[in-house]
Amino acid sequence: MLFGLGATLLAGCTGDLSALDPAGPSAASIARLWWVMLAASALLFLLVMGLLFVAIMFPHFGRRISQRSWILAGGLALPIPILFALTFYAFWQGEYLLRGGGTEAEELVRVEALGTRWQWQFRYPDTAENPTTSGVLHIPAGRTVEVAVTSTDVIHSFWIPRLAGKIDAVPGHVTYLRLRADRPGRYGGQCAEYCGTGHAGMNFEVHAHAEEDYAAALGIEKAP
Amino acid sequence: MTDHHEKPTSPIALHHALDRIWGTKSGWGRLATVNHNVVGKRFMLTALIFFAIGGLLAMLIRTQLASSQSAFMDAEQYAQVFTMHGSVMMFLFAIPFFEGLTIYLLPKLLGTRDLAFPRLTAYGFWCYLFGGSILIIALIGGVAPNSGWFMYTPLSSDIYSPGINSDVWLLGITFVEISALSAAIEIMVTILKLRASGMSLDRMPIFAWYMLIVATMMLVGFPPLILGSILLETERAFGLPFFDPNRGGDPLLWQHLFWLFGHPEVYIIFLPAAGAISTILPVFAGTPLAGYRIIIAALVSTAFLSFGLWVHHMYAVGIPHVALSFFSAASALVAIPTAIQIFAWLATISHGRPRFSVPMLHIIGFFFVFVIGGLTGVMLAMVPFDWQAHDTHFVVAHLHYVLVGGFVFPMLAAAYYWLPHITGRQPVQHLSQAAFWMIFLGFNITFFMMHLTGLRGMPRRVFEYPPESGWEMLNFFSSLGSFVMTMGFALVALDFILLFRFGRPFRRNPWRAGTLEWAMPTPSPSYNFASLPVIDRRADMLDPDVLGPQLAAGKGLLGFPRDGRMELLAVDIVTGKPEHVVRLPRQSFMPLWTAIGTGFFFLSLLFKFYWVTPFALASVVFMFLLWSRDTAEKDDLGNLPIGNGQELPPHIEAERPPSWWAMVFALVADATAYISLLFGSLFLWISAPNWPPQDIGQIGLLGPAIAAVSLVLAAWSGRQASAGGGKGAVGWLSLTTVGHLIATTVFLWLALTALPSPRSHAAVASIFVVFIYAAMHSGLGAVFAGYGIWRVRSGFVSPRRNLDLRIGVLWHGFAAMVGLAAAGFPFVLASLTSEVSP
């Protein structure tokens, strides 16, 4: 039954906005963390419920272990190593994500995302014309992109689930998110922080282009 | 007159004599009752009505989301519905319900007759009822809050929410929080001072330990929220730009203040439920609770940790990763004390002979649901995972697993366990099992797959979603499950009604428990115990079947009426040795009138009738001062007999009576709010854009120096007045009054004349509010000193009866500290920004 459930889960993970259908190193790394944590949690859950079942149904069994041992084993010995390992791994992974899933040395492509009620606008300061697009973010595939996010009105949250985690757009602040699309394609993006009645419709699309098509997509003449 | 007590001859005569004093009067007199039995039940019933309203709102949400492009509600209606669902469930159901349960149970578990401040209990209830009603009326009127239950700015500020909606939340919830703060103070004092004779701290029933920790957390957890609400309301109403980034404010300040309250809040809701489990589970395991001491240690560490992990609600706002990792580690660590409790319960069950029963069924449901919620909680504590899951339906699923698992199931267990105590009847158990299974299955159908819905990308708070998103089937099942769950709750309601109507009466202690609440007749008499117990072991290992009849026969302490006054015993905090006799005030309409006055205060702010506000505030202060008429004594009473040949002084002649402690705790809450204000301003200096300000005014040294000197003088002379114990007190108190009045005038004058417009910049607004805060404290200090003069003049004070003055000393000292900090504050801010001088 568990296997069946697992298969259904896997099949049901795809989708334009699914964090479990990653298309870049950041989202892939987080999805991996999720599956590991899910497996460990399933084991821990079965352990606790199993112990509860045994304690109720077979009272003589649990009595062989002293109350003190029950508490020390389950309350300290069990969680501490797990939490220790998990917290350190997550810290290391967070540093990896801050680099955009790549190495520090790599040259970044910079774009700017501006959340307004209820539309996303994007600018491309690395390109000479610094064009503006609305509702569509163009990025080159296979390159690490640093998105500088801000807002002019209320708080929004910039989120492309298949590429990376989210970052808030806070008026008065600029926040940064690095991401990378492995392959050219279209990916869904949306606002994740409630920002008023238009919140549900505050979507955008990410078009990841092959390196050679990127400039054309921004409507820029290629240098001869 | 104080020796006027005759020992009634029979238990029945004793019952009638005590009930005449403690019992609720009929007719309009019901509104005057202050008895914890009645008020506790009113709290719980009101909370259940709000639970039904919140549940109805949840049904609307699930109906809307069952299909992708539902036309059932539009975006604005949906916003009001989800905001109110969260706000009602958190502020009007969860907290008040456990407050009600605690108000009802705590004195019984501790072996006393009432809480420390019965009139405050009643006042808290009226504030809760009136404040909650404001929110519900706004909902019916279509102007309910609509920015989400955590009210993030700038969405909730006047530019983006120009209507009355946000004001309803800020003012209504603050009104309700008065009841939470008063309950916190009352619960702490009751647990520390009003226990059975011989009940030392390490003999307390474990529920009292839980509630002592919870009340302490409430005492420091709520002030940041109340302060934040006040600041946001001043921004909305008067344009003080605390959260406006264009004028030196910062939306993140609101998030810090809100979650500094909001995360401890989760444990504030969970721990009372865990306390109920730690009380109920050992009874059905047939063995005392395992790990009593380590559980207490776990509770204390939960309390500390819970104030160090609020930022895990803010991983995505752009805080540096190294800082986040501290909060991530703290969030992971808090799982350990919870694991300790879970395994202490498992250890208890495994060393006992478990019996099955309806409460036990709900406890098993709790284990199942709460463990899942705890595990997803650890997942969300991990920064990378949270960056994906934050603000999605994964979080919605997680928080419902934690709150329904960690609160609703334990409270259902508690309801089935203690309803026999309230009604005197045992359940018939035809519906109980079916109701449990419907709630349990319905809940899991609703929320289990919602984890996946969230990870597949569905954000919170969307009223529609694209059909091609692949979320529709998952949502449809969630909606289906929610209706099954609702029917389960309807069955529980029916089950309770049948219990009241057809339940089987029982003699005593139906569950064979070992705690004191069963050592009394059920339904419980208004005075709980006809005479007060003396305890010689841990208070969950007693025998109510032996103890009950003895106490009813008057063989304990204070087993007689005296002067028609409600009396109980106060004990030494640590040892539980009786210290003095607390003579409670009589029943009174004053709590109701004071709450109505408080209501006028909030309504005047809500409807912007600002000219009414000062009168409403003054009337509230005046009415609170009137409360003290009831407890006053014109003569020294000396020692009073308490039975069994012992004698103790009355509380007004005691060194550290409950009211003295209450003032200490109230000042702790006050100080927390003030420190939040000062640090909030410093946070703006660090974080907010558009700093430093152009101009923070010409304050100069003279004004702050005068204020500081006069406040130190006021505090010192207030101390002299109390030390002299009546003799010469009038002179000293007059000096205190003058000192306070000078300081009040200086602070008001500085706030109104020496500063540029507080609308210009958040730095100026901070200084302005700090000055007003100080002015209000010294202003109240003047009132209290003047009140002290009146009490001395009227003969209510003697060297033995100088409690009024000693409580005043605490206030005068605190007001002086607030004033000194306020006097120095502009200079600190100026030196930090360094480009302008005050």
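Residues numbered from 1 in each chain as written. Chains lettered and ligands numbered in written order. Predicted model: local features only at pLDDT ≥ 70, side-chain atom pairs only at ≥ 80, totals over all residues. Heavy atoms only, no water.

1. A short note on unusual backbone geometry
Residue A:Trp118 follows A:Arg117 across a cis peptide bond; omega there is -5°. Inspection of the secondary structure assignment puts A:Trp118 in the loop between strand E1 (109-116) and strand E2 (119-123). In the Ramachandran plot, B:Asp391 falls in the positive-phi region, its phi being about 60° despite a non-glycine side chain. Within the secondary structure, B:Asp391 is located in the loop between helix H12 (383-389) and helix H13 (393-423). One non-glycine residue, B:Leu558, adopts positive backbone phi at about 55°. For B:Leu558, the position within the fold is in the loop between helix H17 (544-552) and strand E3 (566-571). (Helix = DSSP H or I, 4+ residues; strand = E, 2+ residues; numbered from the N terminus.)

2. A short note on the pairing of E3(B)
All names here are of chain B. The element E3 is largely enclosed, with a buried count of six among its six residues. For E3 and strand E4 (residues 578-584), the ladder comprises six bridges, and the chain directions are antiparallel. Across the sheet, residue Leu568 finds its bridge partner in E4, namely Val582. Where E3 folds back on E4, the antiparallel hairpin that results is connected by six residues, among which Gly576 adopts a positive phi of roughly 80°. (Buried < 20%, exposed > 50% of the residue type's maximum accessible area, 1.4 Å probe, protein only. Pairing = 2+ DSSP bridges.)

3. What about the packing of helix H21 (residues 702-724) of chain B against helix H24 (residues 803-833) of chain B?
Residue and element names in this part refer to chain B. As a packed pair, H21 and H24 sit with axes 9 Å apart at the nearest point and diverge in direction by 165°. Judged on the interaxial angle alone, H24 and H21 are roughly antiparallel. Relative to H24, the crossing made by H21 is left-handed. Where H21 abuts H24, its residues Pro704, Ala708, Leu711, Val712, Ala714, Ala715, Gly718, Arg719, Ala721 and Ser722 lie against Leu805, Arg806, Val809, His812, Gly813, Ala815, Ala816, Gly819, Leu820, Ala823 and Phe827. For the contact of H21 with H24, the class distribution of residues is 14 nonpolar, five polar and two charged. (Axes fitted to C-alpha atoms, helices over the stretch in contact; angles between N-to-C directions. Parallel < 35°, antiparallel > 145°, perpendicular 65-115°, else oblique. Left-handed = near helix turned anticlockwise from the far one by under 90°. Contact = heavy atoms within 4.5 Å. Nonpolar A, V, L, I, M, F, W, Y, C, P; charged D, E, K, R; others polar.)

4. What to know about the UniProt feature "transmembrane region" (unreviewed entry) in chain A
Feature annotation in UniProt places "transmembrane region" (unreviewed entry) on residues 34-58 and 70-92 of chain A, given in this structure's numbering. Counted over residues 70-92 of chain A, helix gives 96% and strand 0%. Its end C-alpha atoms are 33 Å apart. (UniProt positions renumbered as here; feature names shortened; annotations may be inferred.)

5. Overview of the state of the cysteines
For the structure shown, the criterion picks out zero disulfides over all chains. The thiol of A:Cys191 is not disulfide-bonded; the next cysteine sulfur, from A:Cys195, is found 3.9 Å away. (Disulfide = S-S within 2.5 Å.)

6. A look at the interface of chain B and chain A
Taken together, the 80 residues of chain B in the interface contact 75 residues of chain A. When the area that chain B buries against chain A is broken down by residue, the three leading residues are B:Phe343, B:Trp387 and B:Gln388, summing to 11%. Counting across the interface, chain B meets chain A through zero salt bridges. Looking at the side of chain B that touches chain A, the elements that each hand over two or more residues are helix H3 (75-110), helix H7 (251-285), helix H9 (321-333), helix H10 (335-350), helix H11 (358-381), H12 and helix H15 (450-455) of chain B. Of all the elements, H10(B) adds the most residues to the side of chain B that touches chain A, at twelve residues. (Buried area = accessible area lost by both parts, 1.4 Å probe. Salt bridge = Lys/Arg side-chain N within 4 Å of Asp/Glu carboxyl O.)

7. Considerations on a nonpolar patch on the surface
Residues and elements named next belong to chain B. Where nonpolar side chains cluster on the molecular surface, the patch consists of Trp437, Leu441, Ile445, Met473, Phe476, Phe477 and Leu480 and spans about 690 Å² of accessible area. When contributions to the nonpolar patch are tallied by element, the ones reaching two or more residues are helix H14 (432-447) and helix H16 (472-502). Top contributing element to the nonpolar patch by residue count: H16, with four residues. When you line up the elements, Met473 lands in helix H16. Note on Met473: relative accessible area 55%, which makes it exposed. (Patch = residues over 30% accessible without salt bridge, like charges linked within 9 Å, V, L, I, M, F, W, Y side chains within 5 Å. Areas by Shrake-Rupley, 256 points an atom, 1.4 Å probe, with all protein chains shown as cover.)

8. A closer look at the environment of B:Tyr401
Residue and element names in this part refer to chain B. Note that Tyr401 resides in helix H13. Along the backbone, Tyr401 and Asn35 are 366 residues apart, and their C-alpha atoms lie at a distance of 35 Å. Not counting the four nearest positions on each side in its chain, Tyr401 is found in contact with Val369, Phe370, Ile372, Gly373, Gly406, Phe443, Asn444, Phe447, Phe448 and His451. In this structure the side chain of Tyr401 is engaged in a polar contact, spanning 2.7 Å, whose partner is the side chain of Asn444. (Polar contact = N/O pair within 3.5 Å; in protein donor to acceptor, adjacent residues only side chain to side chain.)

9. Examining the nonpolar core
If you look at the biggest cluster of nonpolar residues, it comprises 362 residues, and the most contacted ones within it are A:Trp120, A:Phe158, A:Leu179, B:Trp345, B:Phe367, B:Phe385 and B:Phe407. Examining the composition of this core, we find that 23 residues originate from one element, H3(B), more than from any other. Formed jointly, this core draws a minimum of three residues from each of two domains, domain 1 (19-94) and domain 2 (105-218) of chain A. (Core = buried A, V, L, I, M, F, W, Y, C linked by side-chain atoms within 4.5 Å. Domains from an automatic or database assignment.)

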